[in-house]
Amino acid sequence: MITVTNLSFHFGGQLLFKNVDLQFNPGNCYGVIGANGAGKTTFLRLLCGELEPATGEVAIKPGARMSVLRQDHFAFDDYTVLDTVMMGNRHLYDVMKEKDALYEKPDFSDADGVRASELESEFAEMNGWEAESDVSRLIQGLGLPEEILYSLMSDLKESQKVKVMLAQALFGNPGIILLDEPTNHLDVKAIAWLEDFLMEYPGTVLVVSHDRHFLNTVCTNIVDVDY
């Protein structure tokens, strides 16, 4: 699912990685461990393309969608919880919004009708009609009430935002999920639910965590980032 070839990276003049060759396969959950400052989060940022390596490349299986747990809890304050979670599959979200905008046009043309039909077909292929119920299952699994779906993110407590951002990363059956400290600020019940979710998940997961019990529960492999 992910192939890393001859990867090297410098940060602040320090060599973090050199000649890294790794392969991450479907059905496995890889725990990324190492001392603070070893480069665990940087490694995830390299995998998702947020950073460019000094040498080498990261190759993702064609057609595979990667989802990343976002750390900026204020980036979605103007959106509802439902929209925020659905943005975990950005293409699905964009198709839905374009489709809705067309139907709201007062001068709906024949060309608009053709485009709307195309969008409806694509929306259905991506299981768009199940999206709201899928979002509801995720947030309820993480311990949030269903009625929060239409609340603005800006009205939520920080502990609630953490769960919504995690639901966003898990939404829409991505082929690859990258999670950086996903259990931070989660209660015991939410962690147990997340453990069950990841153990049943058929794709590829990489997770950075200092929670040893969590790693022992969900991981099939460990990636040790050492000096």
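Structure shown above.
Residues numbered from 1 in each chain as written. Predicted model: local features only at pLDDT ≥ 70, side-chain atom pairs only at ≥ 80, totals over all residues. Heavy atoms only, no water.

Considerations on the overall build of the protein chain
And step 1. When its secondary structure is counted, the protein chain shows eight helices and eight strands.
And step 2. In terms of overall dimensions, the protein chain is globule-like: its C-alpha atoms have a radius of gyration of 19 Å, near the 17 Å expected for 227 residues.
And step 3. A principal-axis box enclosing the C-alpha atoms of the protein chain has dimensions of 60 × 40 × 30 Å.
And step 4. For the protein chain, the residues scored as buried account for 44% of the 227 residues in total.
And step 5. Within the protein chain, contacts between residues at least 6 apart in sequence are counted, and of these 67% link residues at least 24 apart.
And step 6. Of the roughly 11,800 Å² that the protein chain leaves accessible, carbon and sulfur atoms contribute 49%.
And step 7. Across the protein chain, 17 positive and 35 negative side-chain charges occur, with their mean positions spaced 4 Å apart. (Helix = DSSP H or I, 4+ residues; strand = E, 2+ residues; numbered from the N terminus. Rg over C-alpha atoms; globule rule 2.2 N^0.38 Å. Buried < 20%, exposed > 50% of the residue type's maximum accessible area, 1.4 Å probe, protein only. Contact = heavy atoms within 4.5 Å. Areas by Shrake-Rupley, 256 points an atom, 1.4 Å probe, with all protein chains shown as cover. Lys, Arg positive; Asp, Glu negative; His and termini not counted. Charge placed at Lys NZ, Arg CZ, Asp CG, Glu CD.)

A word on the sheet that holds strand E7 (residues 204-208)
The pairing of strands in a sheet happens through backbone hydrogen bonds and is either parallel or antiparallel.
And step 1. Reading across the sheet, the five strands line up as E5-E6-E7-E3-E8 and stay open at both edges, with parallel pairing between neighbours. Among the strands making up the open sheet, the edge pair consists of strand E5 (66-68) and strand E8 (221-224). Pairwise comparison of adjacent strand axes, ignoring direction, gives a mean angle of 20° for this sheet.
And step 2. As defined by bridge partners, E5 adjoins strand E6 (residues 176-180) across three bridges and the pair is classed as parallel. Within E6, the residue paired with Ser 67 across the bridge is Ile 177.
And step 3. Helix H6 (residues 158-170) rests against E5 and E6 of the sheet, and its axis sits at about 155° to E6. (Pairing = 2+ DSSP bridges. Axes fitted to C-alpha atoms, helices over the stretch in contact; angles between N-to-C directions.)

A closer look at the packing of H6 against helix H7 (residues 188-200)
And step 1. It is at 13 Å that the axes of H6 and H7 come closest, and there the two elements cross at 5°. The orientation of H6 relative to H7 falls into the category roughly parallel. Within the contact between the two elements, H6 uses Lys 163, Leu 166 and Leu 170 and H7 uses Ala 190, Trp 193, Leu 194 and Phe 197.
And step 2. The residue makeup of the contact of H6 with H7, split by class, is six nonpolar, no polar and one charged. (Parallel < 35°, antiparallel > 145°, perpendicular 65-115°, else oblique. Nonpolar A, V, L, I, M, F, W, Y, C, P; charged D, E, K, R; others polar.)

Digging into the nonpolar core
And step 1. Judged by nonpolar contacts, the single largest core of 48 residues is most densely connected at Val 85, Met 86, Val 135, Ile 139, Leu 166, Phe 171 and Leu 179.
And step 2. Ranked by residue count, the leading element in this core is H6, at seven residues.
And step 3. Residues contacting Phe 171, with those up to four places away along its chain left out, are Arg 65, Val 85, Met 86, Gly 88, Asn 89, Leu 92, Ala 131, Asp 134, Val 135 and Leu 138.
And step 4. Core analysis: the next-biggest nonpolar cluster, separate from the first, contains 23 residues, Val 32, Leu 44, Leu 51 and Val 223 among them. (Core = buried A, V, L, I, M, F, W, Y, C linked by side-chain atoms within 4.5 Å.)

Some points on the side chain of Ser 136
And step 1. Assignment of secondary structure puts Ser 136 in helix H5 (residues 131-141).
And step 2. A polar side-chain atom of Ser 136 sits 2.7 Å from a polar atom in the side chain of Gln 140.
And step 3. Reaching out from Ser 136, the side chain makes a polar contact with the side chain of Glu 146 at a distance of 3.2 Å. (Polar contact = N/O pair within 3.5 Å; in protein donor to acceptor, adjacent residues only side chain to side chain.)

Let's talk about the pattern of salt bridges
And step 1. Going through the model one piece at a time under the given rule, you end up with ten salt bridges.
And step 2. The salt bridge partner of Asp 94 is Arg 90, with a shortest N-O separation of 3.2 Å. Taken together, the positions of Asp 94 and Arg 90, both in helix H3 (residues 90-103) and four residues apart, correspond to about one turn of that helix.
And step 3. For Asp 94, a relative accessible area of 36% puts it in the partly exposed group.
And step 4. Residue Arg 90 is classed as partly exposed on the basis of its relative accessible area of 43%. (Salt bridge = Lys/Arg side-chain N within 4 Å of Asp/Glu carboxyl O.)

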